[in-house]
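What follows is each chain in one-letter form.
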Amino acid sequence: MSDNSNSLRTSTTSAASAQPPLLSRRHFLWNTCGGLGGIALAWILDRERATASANLASASSSSARLAHFTPKAKRIVQVFCCGGVSHLDTFDYKPQLERLDGKTLEGKGENLGFFGQPGRVMKSVYDFRQQGQSGSWVSSLLPNLANCVDDLCFIHSMYAKSNNHTPATFQMNSGFTLNGFPSMGAWLSYGLGSVTDNLPAFVVLPDPRGLMAGGSINWTSGFLPANYQGVPFRTNAREPVLDLSTPAHIPPQNRQSDMDLLASMNRDFAEANAGDSAFAARLRSYELAARMQVSIPEATDLDSENEATKRLYGLNDESNRGFARNCLMARRLLERGVRFVQIFNGGAFGSPRINWDGHENLRENHNTQAATMDKPVAGLIQDLKQRGMLEDTLFVWNTEFGRSPSTQGIGSPGRDHHPTAFTCFMAGAGLKKGFHHGTTDDVGYFVDQNKVIIPDFHATILHLLGLDHTKLTYYHNGINRRLTDVHGELVSPILT
Amino acid sequence: MGANGTQTAIIVMSSGSSSVDLRPDERLWARRASILSVTACLFWAALAASGASGSAPTTNHWSFEPIRAATIPDTSKPRATVANEIDGFILTKLAAQGLQLSPATDRVTLIRRLTFDLTGLPPTPTEVEQFSQDPSPNAYHTVVERLLASPHYGERWARHWLDVVRYTESQGFEYDKLRDNAWHYRDYVVRSFNSDKSYQQFMREQVAGDVLEPVTTDGIVSASLLICGPWDEAGNAQANTTQRMITREDELEDTIGVVGQTFLGLTVNCARCHSHKFDPISLDEYYRIKSVFDGVKHGERGIAGSEETTQRDARIQSLRQGLSTAREETARLERLGRSRAAAGRKEVSEAPGPTPYTHWSFDRPDAPALPGSTHGSARVENGRLVLPQDGAYYQSAPLTKDIREKTLEAWVSLADLKQGGGAAISLESADGRNFDAIVFGERQPRKWIAGSSGFERTRDLDAPEETATAGEVVQVAIVYRADNSIALFRNGEAYGKPYSAGTLQTFTAGGARILLGMRHTGGGRPWLTGQIRRASLYDRALTPDDVAASYRASGLASPQAEVLANLTADERVAHDTSLAQARRTQAELDAIPPVPVSYAGTRVQPKPTQRLRRGDVKTPEAVVAPGALSALRQLSAEFDLAPDAPEAQRRLKFADWLADPRNPLPARVMANRVWHFHFGQGLVSTPNDFGANGARPTHPELLDWLADRFIASGWSIKTLHRLIVTSDTYRQSSIMNEKAGALDADDQWLWRFPPRRLEAEAVRDAMLAISGQLNRTMGGPSYRPFDILKFPANAYVPVDKIGPEFHRRSLYRMNVNSGKEPLMDAFDCPDPAVKTPRRGVTTTPLQALGLMNNAFVQRMARHLAESARRTAGDEDSKAIQAAYQLALGRPPNASELARALPASRQRGLDSICWALLNSTEFVYVR
């Protein structure tokens, strides 16, 4: 049928190459629902199934059917720290750097940095202390996250493919270093659908200071249908979503009458063309739009939160530059059924730096960035925990790569990009607590044990959400594409 | 089918076993679902039998076989008459399923369908009226021909083509810079469709147009296909060699991917790391094709054709020769006058020149504003700063104030004219990394340039070479203005043309300093040898008059008047004549427009291509020669070229191979694309993949018949359109038929015309057209519906801009990678980086919100109301009728009018128009 983006005959080839049930399910759905507007219908049906259950807790059975297996997490929130957070100055404590401070680092092969100006070893610019019951090492840069370590699950052995921000950021978001591949959020929306009619399934909260490099490429649906792409909320603007509000010059009662008129026109048309589900879907899309006009402002309005909660996130503190609002907003969105909230900490590259790209002066840069990030993110983790949401929510904190043990240029106090070892952490559903996975060598240059490549990271996230990364596929131009391409091993040691 | 049934279908399909506990009503739905999927299952079985499910790739695949001129089916049984052969093929398949064609659709629906299909715009009410009333048996054909001849046809079909070839007007990746001139390729595609260029030629041009003789502008631009996708600028510039090589391999995969998928319907790119999993394309063959394109690089280039270039070059050369002769003559006479004057010359009293922030007059007693000291063998002697050899320079104390806008000036005599790289005067930051300087002979021998850190503010100049003899003092000055423009002067006159480059720098008090004789601290070859008489730094941008005044006031150079006074009358006439000649010639040279430039890619002669084991740049293997795919046995995959053959040869051979009529793929692939865009689904539903992992044709005989006719017509795409749109299959009704729907829900056998939602561009263009706002200007630079926030990278902020420029067709929208336009996006406008042979169609609340509230839609609704009022006058019912006619091509029926009338009276005609633009009927073609 004309409107199906992945077709009948496509799905047949998929089946011939042992396609996973999920894909078949979707194709089947498109093929059997009166054809026209299959995707539209799919979109709406995903929601109808969920709304049939009164709330998330009781929706588990239908969610389980949607997923490949019973998911540990029903929703996910990701904090993406742009620019490359130094693992050596946050969570990967390397006493050896103190001994080598000021010396030339030997025996590491080709220089991995972006600028190719290797300097001398620089010890961490912060003091490290062990924190919590787990005794996790955390630097003095992040005093608030230090209080959360017993809930966190660290991966110290991350490995990125590129030493260049945007390809590395693309890889973290889409599994590929190139333009044009669907982001993880799009894959999740495609794989799991949404749990609410009232809000988008995949919401992006960009840093209030500005968009990161690559902008909307980071939440694109790539070759997946457009409805799976992330919806960026303009958290500073009057309208959180462009075109959400009725234009000011139109009186609300007039708009209501216009909507009634439109509905009657569209209903007549759908009835005159009975059997075409797309026409029914269009009618429905206007009903849902009207609901979003109410639910999005409600979800993004933080006024109803109590003072203690606002303080927990540091909402009244100017130094986080509005980022705290996004963290609190994320929790509200998750509560209201958004499947995936992606929060960016850090904007575009350039000067002055508004992300973690500490080339010139690491301390100065990371101090500024941590002041925006530490308290709000710690607040979010604690808030999710105290509300019991961490039980079935996956929390992910990541950056695109780490920073080099040596300075960038002799005598400079900055560090260059470093893709071959860095730290990320997760928390929540299905994960061990206060746990550390993977190690790096004595200077944090290469992974020593349990290397985790980005596809492994993605496979594990999908797994926690009940999806088998080898089965979540979509046919595009000759290939049954996956978020993890042809790679990806589950990082099982971190799972409960 | 309801939600419940679908849900059950999910369970059945996803479990793959009977272990799922179904309720009785669910079982019923499941059974029905399985009946509906029976065709699919049959197809799976056929496919499994054909060996695509895991056994080795085969060259016996259907699409590799020669095109067969199929026997036209006898249709006398299912139906007495048919419009053309297409219907025969369609009816045969329908009959086999127990189906038939739907009745012909009405004329109003048909002309709307056809007009959108061929031009992407709605028919005007007059066009609808004329066609509806036309009693001629040729009425429909007349419309078809009118639309195929419309320039809007090319715009419509170019948009389809640009989707397939991932055309974008920004770089993508980190910087995502704009490609200001990539539009030349877009216009080439529009022209090609409009002129019904032979598709064979169209193909050849797009892989090798820049080297097809004679080289033309169109030819050069056409090959932009190879590189019109995203490009990783930062990845190419980085220090790490391995990563840079990977970036380059990614680029080539993209090029190979677009060529393979667009023309051959084969995913050749899949063989980069290992031989193709489904198709007979080996790793070796991937690298042979890579060798074909290994010399193709991203970037801008001049697009003048060879004839144009020859004429232009000849003209420039002759003018330059004339200029040089005239200048030499002028200079000779001036030298003569100067030497005569030199003997008994006294300082001429002139008006004082402009006052500098600081200056050094080594020939005068006045102390410099900034103290300084000589270094190396530099010394002050006889009123001159003498710089006898490398290492000699003068350095001032730090500036006492910040300097932004500025002028550098020096009075210098060069020891010789062969030297290069040194500076007469330089303003540099304390660490020497940032500087602006008057540099001699560094990039162009014997010429002055504005030297700068990283050449950021440096441009080569079209200016005369220095001719000053040893000891002759020359004034050179450079003016740096706040608008980033930079102008050079020599002896009080402009030296080359002013230009803009980089960003004006601030040199800060307490750190920055002046150097004389050295370009900058830490630079290679920074030394100037010769003598400096005076040097000045101005804290402002001098005007040309200021510079000339400074020249005159110095008394260092002989004033022109004095020089001329020492010539004889004849000599003066000769001088003035050659000077005028030089000025005229220079003006003529300046008037020659620059060669137009486009993002058409550059070429290098590559090193012989090596196969990469597992696609890894660190494991190169054997050298391979350029070649093609051996799976197409009708053609030789051998090019008989050596691995180091000229890169142009490689692409020419590939173009020959590709466009050879015996190559069975291109004609099939293109015929299928045309079919796809008319019916919303191709005969092969995977238009970029005719390989074993792609779909099989629903109507293989029809596909071959179309491909055969296509080639026989001289690869005329318009012939394909004519055949398709005049068929009964195309002209049938789209009304749902429950019985047929139950048998073939997907309408793959075409028992009705499949209704289709308009693409984003068509929705927007239709709004502009019906509201009388469409600016039909074709071609040229794209409109930019965004503001750009510049870091080193571009960030695009969508802005609803108003004005005729922004009311051009959406084809002319600058489609950038990282900044999307929400309304276009909501209507499934694809990511420009993605090769998109078929667009998704989604219906979402965000799309509804866009149509409801977007400012553009509000404006168009208002304009539509004005437009309707203009035609219909003040009477509400007539205005409503006019609005319906414009938007839907039909008048409202009685109940629609009855509903709209009170609404219009109460809330205005805008409300009705808003509802029309939001209506399902408006955004769908049936």
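Residues numbered from 1 in each chain as written. Chains lettered and ligands numbered in written order. Predicted model: local features only at pLDDT ≥ 70, side-chain atom pairs only at ≥ 80, totals over all residues.

Asker: So what's going on with the environment of A146 of chain A? Residues and values would help.
Answerer: Residue and element names in this part refer to chain A. Looking at where A146 falls in the secondary structure, it is placed in helix α6 (residues 143-146). When the C-alpha atoms of A146 and R129 are compared, they prove to be 9.1 Å apart, with 17 residues separating the residues in sequence. Discounting chain neighbours no more than four positions away, the residues touching A146 are Q131 and V138. (Helix = DSSP H or I, 4+ residues; strand = E, 2+ residues; numbered from the N terminus. Contact = placed C-beta atoms within 7 Å.)

Asker: Run through the domain arrangement of chain B, naming residues and quoting values.
Answerer: Assigned domains within chain B: domain 1 (3-56), domain 2 (152-303 + 603-693), domain 3 (311-345 + 558-594), domain 4 (349-557) and domain 5 (855-925). Its C-alpha centre places domain 3 of chain B at a distance of 26 Å from the equivalent point of domain 4 of chain B. (Domains from an automatic or database assignment.)

Asker: Lay out the confidence of the model for chain A in plain terms, naming residues and giving numbers.
Answerer: With 86% of its residues at a pLDDT of 70 or more, chain A shows a mean pLDDT of 85. Within the model, the stretch residues 1-65 of chain A combines pLDDT values under 50 with 185 contacts to residues more than four positions away or in other chains. (pLDDT = per-residue confidence, 0-100.)

Asker: Quick rundown of the sheet that holds strand β16 (residues 513-516) of chain B? Include the residues and the values.
Answerer: Residue and element names in this part refer to chain B. Spatial strand order, β4-β7-β16-β9-β10-β11: 6 strands in an open sheet with antiparallel pairing. Where the open sheet ends on each side, the last strands, each with one partner, are β4 (372-375) and β11 (448-452). This sheet shows a mean twist of 20° between the axes of neighbouring strands, independent of strand direction. Judged from the 2 bridges that link them, strand β7 (residues 393-396) and β16 form a sheet pairing that is antiparallel. Within β16, the position partnered with Q395 by the bridge is L515. (Pairing = 2+ DSSP bridges. Axes fitted to C-alpha atoms, helices over the stretch in contact; angles between N-to-C directions.)

Asker: Lay out the pairing of strand β10 (residues 402-408) of chain A in plain terms, naming residues and giving numbers.
Answerer: Residues and elements named next belong to chain A. A large share of β10 lies buried, amounting to 7 of its 7 residues. The pairing of strand β2 (residues 118-121) with β10 spans 2 bridges and is antiparallel. By the bridge assignment for β10, V121 is matched with S406. Here β10 hands over to strand β11 (residues 415-418) after 6 residues, with G409 in that stretch at a positive phi of 90°. (Buried ≥ 20, exposed ≤ 12 C-beta atoms within 10 Å, placed from the backbone.)

Asker: Lay out the sheet that holds β11 of chain A in plain terms, naming residues and giving numbers.
Answerer: Residue and element names in this part refer to chain A. Here 3 strands make up an open sheet; going across it, the order is β2-β10-β11 and the pairing antiparallel. The strands lining the two open edges of the sheet, one partner per strand, are β2 and β11. Averaged over all pairs of adjacent strands, the angle between strand axes in this sheet comes to 65°, irrespective of strand direction. Direction of pairing for β10 relative to β11: antiparallel, over a ladder of 3 bridges. Residue pairing in the sheet places G402 in a bridge with H418 of β11.

Asker: Go over the environment of V396 of chain A, please, and point to the residues and values.
Answerer: All names here are of chain A. Among the structural elements, V396 can be located in strand β9 (residues 393-399). In this structure V396 comes out as buried when scored by C-beta crowding, with 22 C-beta atoms within 10 Å. For the pair formed by V396 and V79, sequence separation is 317 residues and the distance between their alpha carbons is 6.2 Å. Apart from the residues within four sequence positions on either side, V396 is in contact with I76, Q78, M426 and I461.

Asker: I'd like a description of the confidence of the model for chain B, backed by residues and values.
Answerer: Do not read the fine detail of predicted coordinates wherever pLDDT is low. All names here are of chain B. On average, residues of chain B score 88 in pLDDT, and 91% of them reach the 70 mark or higher. Taken as a whole, residues 1-54 scores under 50 in pLDDT and shows 76 contacts with residues more than four places along the chain or in a different chain. Model confidence for the complex is summarised by a pTM of 0.78, with the ipTM given as 0.81.

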